[in-house]
Each structure stands twice: as structure tokens, then as C-alpha cells.
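These are the residues of each chain, in order.
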Amino acid sequence: MRDDAATRELRNAHDVLAPVYAERLAGLLDEMPIEQALLGLFADLVRRTNRVRVGDIGCGTGRLLTYLASLGLEPRGVDLSPEMVRVAQRDYPGFQVEVGDMVSLPFADGSLAGAVCWYSMMYLPPGPRQQAFAEIARVLTPGGYLAVAYKQGDDSPRRGGEQLGLGIGFDIWWHSQAEVEARLAEVGLEPVFWGRRPPLEMEPQPQGYVIARRPPHAAAV
């Protein structure tokens, strides 16, 4: 697991944010039919592999776990923040959630039929970001799927969290589609769906989505 200054800052900030996320984001998906539809498409594709075990990578407080399970999947959560994991274990006790790093996932090669990175890649600088995509390609079974949600932007770093008045801050990246497409291509994941929606009220940027597949006959990563 990484232990550089930026990663410690990110982890500590999200320890502080865990109760805020638990309060503000728990029911948010219920009000977002587009996101529900995208996760539904992802789940349908995963079920067609005849396997249902998926990873919620950067799961935060676990807010997607019950929805993924309602779609017939068996999700397991991983998050960098121990406090996020503690809250997820408290609020969603029926699911396995553990502390882990996106660049060294606690899954065996080819053990997942799917992986979800719902606004979690945006916390990674370019080097670790590419490692994370490679890790996901490693843990996906051939024919498995990855779903990514991201804030669309120009790929430049910016600071997040500071405006909340909680004494925290961390680096964040809003990605271009070209950046996401390049990272997928480098690890041999093939997009099967791209999506974009305009910002909702209080959102400063459009949102981007992609579902990508590890080819059925892909070599080991």
C-alpha cells in the first residue's frame, strides 16, 4: 500500500469525510436514474458472463453495495480510508469491505467478473492511476467488465475538500474522455459504452461514464 505524503493526505481527509458522506450520499443514487441505468447495464453485461462476483473499488461508505446486490451481483468493497471502511461495515454489515489500495488490490488474478470505480480514479495522479487500471485488468476474468464514473475536465490537478471548512484538502483530477480512453487501451480493456451527462444543479462539471471489457482471450496482465 502506498504511503507517500499525498496518499496519507488523501486517506486522512477521507477519514474525516466518512461521516459526512454517510449522511449526505447514502440515498443519492435513488435520485439519479441515469446512474441507475448505467449500473443496470453494467450488471446485465456481468451476469452474461455467468459469474457475479464484482469489486467496488474505492467504495467509500459502501453506498453502491446494496444496489449492486439488488441487480444480482455479489459485490465486495475496497477503500483506502479505514474510517470509510468502518462506516461501510457498520451500515452494510452483510457485505465484505476492507482497507486496500487501488494500485495493489486484494483480489487474485482473474477472480472478478466485474469492477466498479465510481468516482474513485479521480483521486490518483497519473502514475498510480495507470497502475490502478493495470490492477483492475489483472483481477478481471477474461470477458469481465469495468464501469467507471468520472468528473469530466482537462486532466489538470486541482485541490478538493478545502471548501468544506473541515481543515482538509487533497489533490483531484477531472478527466477528459481521451485520458480515460488512453488508460484503458494501455491495459487492453476495450470500451463497449461511453456516456456523458450535463451537470446537475450544484455540479460544476459534466459527468462521464465508460464500461469496458477485458477481451475473452486476453493474456495475463
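So, here's what we can say about the structure. On a predicted model such as this, the values are computed, not experimentally measured, just so you know.

### Structural notes on empty space enclosed by the protein
Once rolled over the atoms, a probe with the size of a water molecule shows which space is left empty. This structure, assessed with the given rule, holds one cavity of 30 Å³ or more. What lines the largest cavity is Leu 38, Leu 39, Trp 118, Ala 147, Val 148, Tyr 209, Val 210 and Ile 211. Per element, the largest residue contribution to the lining of the largest cavity is three residues, and it comes from strand β9 (residues 207-213). Residue classes in the lining of the largest cavity are distributed as eight nonpolar, no polar and no charged.

### Notes on the sheet that holds strand β1 (residues 53-57)
By definition, the strands of a sheet pair up through backbone hydrogen bonds, in either a parallel or an antiparallel sense. Strand order in the open sheet formed by seven strands is β3-β2-β1-β4-β5-β9-β8, and the pairing between neighbours is mixed. Strands at the two margins of the open sheet, each flanked by one partner only, are β3 (97-99) and β8 (190-197). If you compare each strand with its neighbour and ignore which way they point, the axes differ by 15 degrees on average. Pairing between strand β2 (residues 74-79) and β3: three bridges, direction parallel. For Gly 77, the partnering residue across the bridge sits in β3 and is Val 97. Strand contacts of helix α2 (residues 33-47): β1, β4 (112-118), β5 (140-151), β8 and β9, with the helix running at about 165 degrees to β4, the strand carrying the most contacts. Packing of helix α4 (residues 82-91) onto the sheet brings it into contact with β2 and β3, and relative to β3 it is tilted by some 165 degrees.

### Focus: the pairing of β2
Burial of β2 is extensive: five of the six residues sit out of reach of the surface. Looking at chain direction, β1 and β2 are connected through five bridges and run parallel. Bridged to Arg 53 within β2 is Glu 74. Handedness of the β-α-β unit built from β1, helix α3 (residues 65-70) and β2 comes out right-handed. Chirality of the crossover, the property in question, places the unit of β2, α4 and β3 among those that are right-handed.

### Some details on the side chain of Gln 152
By secondary structure assignment, the location of Gln 152 is in the loop between β5 and β6 (157-160). Judged by its relative accessible area of 13%, Gln 152 is buried. When near neighbours in sequence (up to four residues on either side) are disregarded, Gln 152 contacts Trp 174, His 175, Arg 196, Gln 205, Pro 206, Gln 207 and Gly 208.

Procedures and definitions
Residues numbered from 1 in each chain as written. Predicted model: local features only at pLDDT ≥ 70, side-chain atom pairs only at ≥ 80, totals over all residues. Heavy atoms only, no water. 1 Å grid on protein atoms, 1.4 Å probe; cavity = no way out; pocket = protein on both sides within 12 Å on 5 of 7 lines; lining within 4 Å. Points joined across faces, edges and corners; volume = space filled by probe spheres on them. Helix = DSSP H or I, 4+ residues; strand = E, 2+ residues; numbered from the N terminus. Nonpolar A, V, L, I, M, F, W, Y, C, P; charged D, E, K, R; others polar. Pairing = 2+ DSSP bridges. Axes fitted to C-alpha atoms, helices over the stretch in contact; angles between N-to-C directions. Contact = heavy atoms within 4.5 Å. Buried < 20%, exposed > 50% of the residue type's maximum accessible area, 1.4 Å probe, protein only. Right-handed = clockwise from strand over helix to strand, strands pointing away.

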